[in-house]
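Chain by chain, the residues:
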Amino acid sequence: MIKLYLKQAWTLIKQNKLFTSIYVVGTGLSIALTMTMFIIFYVKFAPIYPEYNRDRMLTIKAMKCYPKTNKESWNCNGGASYYLVDKMLKDLPHLEAIGAGKQDFMGNNTIALPDKKEVMEVNPYYADSGFWSVFSFRFLAGKPFTQADVDADLPVAVLSESLAKRIFASTDVVGKYFTFNGKEFRVCGVVQDVSNATPDTAGDLWIPLFLHSWVSRTSEGEKLIGNVHIYMLAPTPADKEALRAEVQDVFRKYNLQTSEYENDLMQQPDDFWKSTFRKNSCEAPDWGELLKGLIYILLALLFIPAMNLSGMISSRMDHRLCELGVRRAYGATNKILLGQVLWENLLLTCLGGLIGILLSYLIVLTASDWILNLFDDWVNDPAKTPFLSFEMLFNPWIFSFAFVLCVLLNLISAFVPALWSLRHTIIQSLNTKR
Amino acid sequence: MIKLTGINKIYRTNEIETLALENVNLDVEKGEFVSIMGPSGCGKSTLLNIMGLLDAPSSGKIEINGTSVENMKDKELAAFRNKTLGFVFQSFHLINSLNVIDNVELPLLYRKMPAKERTRLAKEVLERVGLSHRMRHMPTQLSGGQCQRVAIARAIVGNPEIILADEPTGNLDSKMGAEVMELLHKLNKEDGRTIVMVTHNEEQAKQTSRTIRFFDGRQVM
Amino acid sequence: MIKKIICQLWNQRRMNGWIFIELVIVSFFLWTVIDPIYILTADKLIASGYDAHNRYVVKIGNYESSNGNYQAEMNTDSICKESYNRIIRVVRDLPEMKDFSIASSASFPNSGSWNGTQIYNDTADIKNDKYIHTQYYEFYLQDGSNMFRTYGMKDAFTGADINIPADAGTRQKVFLSEALARALFGKTDVTGQKVYSHDKSSYEIAGVFQDYKHRNYEQPYPLLVWVYNEIQGKTYMNWRYSITFSLKEGVDANAFEQRFKKEVMPLLKAGNFYCSGLESFEEVSYMYAQRSGVINQLRLKYSLAGFALLCIFLGMVGTFWIRCNARRQEIGIMRSMGASENAVRNQFLAEAFLLVTVAFVVALPVVFHQVHESGFFSSGVTRTILDMSYWQNQPVMHFCIVTLMTYIILLVIALIGTYIPVKRASHILPADALRDE
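Computed from a predicted structure; not experimentally measured. (Residues numbered from 1 in each chain as written. Chains lettered and ligands numbered in written order. Predicted model: local features only at pLDDT ≥ 70, side-chain atom pairs only at ≥ 80, totals over all residues.)

Moving on to the overall build of chain A. The secondary structure content of chain A amounts to 14 helices and 15 strands. The C-alpha radius of gyration of chain A comes to 28 Å, more than 25% above the 22 Å expected for a compact globule of 434 residues. With the principal axes as the frame, chain A shows a C-alpha extent of 90 × 60 × 35 Å. Looking at chain A as a whole, 44% of its 434 residues are labelled buried. (Helix = DSSP H or I, 4+ residues; strand = E, 2+ residues; numbered from the N terminus. Rg over C-alpha atoms; globule rule 2.2 N^0.38 Å. Buried ≥ 20, exposed ≤ 12 C-beta atoms within 10 Å, placed from the backbone.)

What follows is about the UniProt feature "transmembrane region" (unreviewed entry) in chain A. Residues and elements named next belong to chain A. In the numbering adopted here, UniProt assigns the feature "transmembrane region" (unreviewed entry) to residues 21-43, 290-310, 345-364 and 397-420. Across residues 21-43 one finds 100% helix and 0% strand; the C-alpha atoms that close the span lie 32 Å apart. In this annotation, residues 290-310 is assigned 100% helix and 0% strand; the end-to-end C-alpha distance for the span is 30 Å. (UniProt positions renumbered as here; feature names shortened; annotations may be inferred.)

In this section: the sheet that holds strand E9 (residues 210-215) of chain B. Read across the sheet, six strands follow the order E6-E7-E8-E3-E9-E10 (chain B) without closing on themselves; strand pairing throughout is mixed. Unpaired on one side and paired on the other, strand E6 (85-88) and strand E10 (218-219) of chain B mark the two borders of the sheet. (Pairing = 2+ DSSP bridges.)

What follows deals with the pairing of strand E9 (residues 156-160) of chain A. Regular strands show a simple pattern: their side chains alternate between the two faces of the sheet. All names here are of chain A. Summarising burial for E9: five of the five residues are buried, a large majority. Burial along E9 is two-sided: Val156, Val158 and Ser160 and Ala157 and Leu159, pointing in opposite directions, are all buried. Examined bridge by bridge, E9 and strand E11 (residues 183-191) share five bridges and lie parallel to one another. Residue pairing for E11: Ala157 is matched across the bridge by Val187. Taken together, the two bridges between E9 and strand E12 (residues 205-208) define a ladder with antiparallel strand orientation. By the bridge assignment for E12, Leu159 is matched with Leu205.

No other pair among the two pairs of chains in contact exceeds the contact count of chains A and C. Chain B shows no contact with chain C. Their nearest C-alpha atoms sit 16 Å apart. (Contact = placed C-beta atoms within 7 Å.)

Per-chain confidence: chain C averages 87 in pLDDT, with 96% of residues scoring 70 or above. We note a pTM of 0.87 for the whole complex and an ipTM of 0.88 for its interfaces. (pLDDT = per-residue confidence, 0-100.)

Bringing the interface of chain A and chain C into the picture now. Listed as interface residues are 32 residues of chain A and, on the opposing side, 36 residues of chain C. Mapped by element, the contributors of at least two residues to the side of chain A that touches chain C are helix H2 (17-45) and helix H9 (287-319) of chain A. With 12 residues, H9(A) is the single largest residue contributor to the side of chain A that touches chain C.

UniProt annotation of "domain: MacB-like periplasmic core" (unreviewed entry) refers to residues 21-249 of chain A when read in the numbering used here. For residues 21-249 of chain A, the helix share is 26%, the strand share is 26%, and the end-to-end C-alpha distance is 60 Å.

This next bit is on helix H10 (residues 321-329) of chain A. In an α-helix there are 3.6 residues to a turn, and that puts residues three or four apart on one side. Extensive coverage of H10(A) is indicated by the burial of eight of its nine residues. Those residues of H10(A) that fall on the buried side of the exposure criterion are A:Cys322, A:Glu323, A:Leu324, A:Gly325, A:Val326, A:Arg327, A:Arg328 and A:Ala329. The inward-facing, buried residues of H10(A) contact helix H11 (334-366), helix H13 (396-421) and helix H14 (426-431) of chain A together with helix H2 (74-84), E6 and helix H3 (100-109) of chain B. Positive backbone phi, at 100°, marks A:Gly331, one or two positions downstream of H10(A).

Once that is clear, we can look at the domain arrangement of chain A. Residue and element names in this part refer to chain A. By the assigned domains, chain A splits into domain 1 (2-48 + 287-431) and domain 2 (105-211). For domain 1 versus domain 2, the distance between C-alpha centres works out to 45 Å. Tallying the contact residues gives 12 residues for domain 1 and six residues for domain 2. Split by residue class, the side of domain 1 that touches domain 2 holds seven nonpolar, three polar and two charged. (Domains from an automatic or database assignment. Nonpolar A, V, L, I, M, F, W, Y, C, P; charged D, E, K, R; others polar.)

The subject of this paragraph is the interface of chain A and chain B. For an interface, size is often stated in terms of accessible area lost upon the parts coming together. The interface of chain A with chain B comprises 19 residues on the first partner and 19 residues on the second. Of all the elements in the fold, those that place two or more residues in the side of chain A that touches chain B are helix H1 (2-15), H10 and H14 of chain A.

Okay, the nonpolar core next. Counting 152 residues, the largest nonpolar core has C:Val26, C:Val174, C:Ala308 and C:Ile312 as its most contacted members. The contact partners of C:Ala308, leaving out residues within four places of it in the chain, are A:Ile304, C:Val26, C:Phe29, C:Leu30 and C:Val33. Counting 71 residues, the second largest nonpolar core, distinct from the first, contains B:Leu54, B:Ala151, B:Ile162 and B:Met181. (Core = buried A, V, L, I, M, F, W, Y, C linked by C-beta atoms within 7 Å.)

Geometrically, the link from A:Tyr49 to A:Pro50 is a cis peptide bond, its omega value of -5° lying close to zero. As for its position among the elements, A:Pro50 is in the loop between H2 and strand E1 (57-60). Even without a glycine there, the phi angle at B:Asn159 is positive, about 55°. The backbone of C:Asp143 sits at a positive phi, close to 60°, despite the residue not being glycine. Within the secondary structure layout, C:Asp143 lies in the loop between strand E4 (132-140) and helix H5 (147-151). A tally of 15 C-beta atoms within 10 Å means that C:Asp143 is categorised as partly exposed.

Further remarks concern the domain arrangement of chain C. Residue and element names in this part refer to chain C. One can read the domain layout of chain C as domain 1 (2-47 + 292-436) and domain 2 (55-291). Domain 1 and domain 2 are separated by 48 Å when their C-alpha centres are compared. Taken residue by residue, the interface counts 13 residues in domain 1 and 14 residues in domain 2. Elements supplying a minimum of two residues to the side of domain 1 that touches domain 2: helix H2 (13-45) and helix H10 (294-326). No other element matches the three residues that H2 contributes to the side of domain 1 that touches domain 2. For the side of domain 1 that touches domain 2, the per-class residue count stands at seven nonpolar, three polar and three charged.

Residues and elements named next belong to chain C. Within the secondary structure, Cys275 is located in strand E11 (residues 273-280). Residues Cys275 and Val57 lie 218 residues apart in sequence; the distance between their C-alpha atoms is 11 Å. If near-sequence neighbours (up to four positions away) are discounted, Cys275 is found in contact with Val58, Lys59, Ile60, Met265 and Leu268.

Attention shifts here to the sheet that holds strand E2 (residues 17-28) of chain B. Residue and element names in this part refer to chain B. Spatially, four strands are ordered E2-E1-E4-E5 in an open sheet, and the strand pairing comes out antiparallel. Sheet topology places E2 and strand E5 (67-68) at the edges, where each strand pairs with a single neighbour. Bridge count between strand E1 (residues 2-12) and E2: eight bridges; the pairing is antiparallel. Bridge pairing links Leu4 to Leu26 in E2.

All names here are of chain B. Note on placement: Lys9 falls in strand E1. Residues Lys9 and Thr46 lie 37 residues apart in sequence; the distance between their C-alpha atoms is 8.3 Å. Those residues in contact with Lys9 that lie beyond four places of it in its chain are Ala20, Leu21, Thr46, Ile50, Pro57 and Ser58.

Looking now at the UniProt feature "domain: MacB-like periplasmic core" (unreviewed entry) in chain C. With numbering matched to this structure, UniProt assigns "domain: MacB-like periplasmic core" (unreviewed entry) to residues 146-262 of chain C. What you have in residues 146-262 of chain C is 23% helix and 24% strand, and the ends, taken at the C-alpha atoms, are 27 Å apart.

Residue and element names in this part refer to chain A. As a packed pair, H9 and H13 sit with axes 8 Å apart at the nearest point and diverge in direction by 35°. The hand of the H9/H13 crossing is right-handed. Residues Leu302, Phe303, Ala306, Leu309, Ser310, Ile313, Ser314 and Met317 of H9 pack against Leu408, Leu409, Ile412, Ser413, Ala414, Val416, Pro417, Ala418, Trp420 and Ser421 of H13. (Axes fitted to C-alpha atoms, helices over the stretch in contact; angles between N-to-C directions. Left-handed = near helix turned anticlockwise from the far one by under 90°.)

All right, on to the UniProt feature "transmembrane region" (unreviewed entry) in chain C then. All names here are of chain C. The feature "transmembrane region" (unreviewed entry), as given by UniProt, occupies residues 20-40, 302-322, 343-368 and 396-420 in the numbering adopted here. With 100% helix and 0% strand, residues 20-40 has end C-alpha atoms that lie 30 Å from one another. Counted over residues 343-368, helix gives 100% and strand 0%. Its end C-alpha atoms are 37 Å apart.

This is how it looks when you write it as structure tokens:
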């Protein structure tokens, strides 16, 4: 039955080229832009190398503190003190792993081989040893540095594959030496490249945390503001809530015993996806407002073209009233006919969907240096352009979403016109001129 | 076979009420070939539509095959039409985006019949109407007479006991018209199907077993 | 004529219904998308009060203790000051240099930092807490540095270079932007008068300069310029003081940038300070626009507007194509009665015009309600003083401009979409059209 519907739909496609092309372009346009939006947020939220554990991760990326006597005289920063990791959160019952990282926004980091004078700029990432258990880096050679290395401020580094190739022309370089910012470092591991599309882990090389001059092990008195981003892993996604409660409890107790300052988590720890919106270090983002803005755009992307499609389907149904009449004379019920129209239309919509998804890849790839930031109201470093990996674009989720969109668009646009055309009596339908 | 009692049909527009049928009583026996004649607008097509359960009368009783259809719901009516009735229209009403065999299979489609069985039956009836060599053609590639033969094949593929034909030769030249009439007579005589046909053609009416004449919504004789 | 067309539209309301609903939705949507584009563009078009052309910021870095080039013995305040001054003098002595300026790091256009303070026009206001909030710049006169000339800021009255009195640094004189002068005194002719800070110290006004935009996509904010004689030595002073300069007329910027990288940068090294590059004012401005999300905002809004208009275009092409086909006979009759191709075309265009206009009028109250409830687009900058001479600051004017822009753009696209199928249809011969039926 469905095969027959699709066969007829295919004939109709061939018979009405203009209708088909306007329809398919309209659908394609809608799906292309919606898919672009989906890909942007997929890359932000979904498990992407090396952040495969995003679904069971909690983060602390900002901290605010104020004197207990004056709430308004606050002080905040886009990071917390490492003291938190070291002394306060390490032993929570629902914590599988905890790590800290610090990116360098100031730039001017250079790297060279010991014997060569020629230098090149790199983006370093400063991390502790827990960082390597929270995130799932693929090591091509060697292994991560240990907490002992971090504590001893040893000049060791994990290189990205492309950096290793750039300076040594090989990835098998564990134990080799290079200079970073004028100091000699030893390579302890090489990992698969990380794209700037995952800014929480991206870098050219990873070095022990306290080699960054702004990061210290101790807290600034009672204040817990600092410079590291903290990543915590719960054993399962379901344990996240328990872990969150435990972290907040630790803070509550800490604030009870401080004499001068109150530390404010600003609703943290965040789920990973929520943390991607935390651009302002001094207050929690208004997620409701953000979501409303996105839904507004999403609805526009779906409904505006759907009106077009409805109009076209409706005029086509007028042309096919007679056919509907014949089918009903021969025993088709309204339900069957409605199904037929929707199925036929789904073929067209899916054709548009196919074009749409290709178009969205084209958009994302040609605008890859800025498209992932499109919805951000603050971009830390626009010069850091990401590369898009296979898993970001070609995965079951993207294709399923595209298909669901097609079905949705099809339902929105075809349902009402089809229903309308079925309102006519058989006689009316039979007697219409085409 | 078909029993109409006291059928009235009134069309209402905003201001005017038109009486299309007035107190029509009619009995069609099994195996009869009945023709309905009358001038344009006398209500004969309306009567045919009511017999075919495509339209409901304003009042009156319809009994087909001993079954009263008054209280049937849309779904039951559809199933009933599908099994018992076959339609042939003046302007063929073939579906242009389906090829000949798919057009013929149409009534079987709504019976949940396996595809193989459908194709077998459709091929059989196409052979009977002499069009088995045109199975994969589109309706637009056929002549008018061929189209009407396809429509007849479609009407009989579901093996209905009654065939309702609304001026089946109205859009055809006399040669093709004769071919179609021949086919209908064959169906009546060989298969014993009951046929009710609306026509303008006195010649054709004479060949049928009974002619009912209509004038202004009333049965004249 | 109009009556006839309205009649037509009404008779075909089912066919027109969908495109009509779409036009209503798009009218609303397009309005909300054009609003931010209008505000950001209008703000950007306001004269910036400086000249970005051929002007540069010298990026200075310092070696941290973790760096291999770090020299611990150089890390004292006095040696740092000495080193920084040495770098400043190399810049000053560049042969291509026209003017240079030493200012705080928040004191050049589109700098990521922003300093603000409260200022009073007399001491009584301090008690009453009647202050004016203003942005402030700081610059240092040493070595002949002149911020006004370097940035190309002009005197509010003469339009010429701003005259800096010789004792400006010593007696801590200040310069005000027109906006600040107006806010404080209600007039701009205030040279010689005094302003007060919260601690009641007074500062003599040495001059008033033309309104100035710290950020490209924002409106001028009141600006106060403090003048000091010299910088202070600090180990992290590269974060505290910026060095900027302008090029002489006729110097080729590209060639200069090349030479700077190759020959000058190695010279700009002293103590723990070094030069990490050069950034033109244009680059700084674009970088800030990118970072602050303005460029993203514009990209998003432009693509959404393009999307909505493309949908309308397709919708009009589709609708009128179908309609022309359905009315071929009518076209044939009109043509055979002697209507010209133009007359036929104009009738369809008039239909489209009416359709768009009615839909737009229907959408307007909804737009108005939305604006009434949640206000216009706001770029996130809160302002204490609004300059009402800008149209985007006058709610009624603002609403009218965006409405008009939305309407015109929508109409133009819709008419183009209508024209294509109608042109084709009106072209047919009357006989063909009539035969078709």
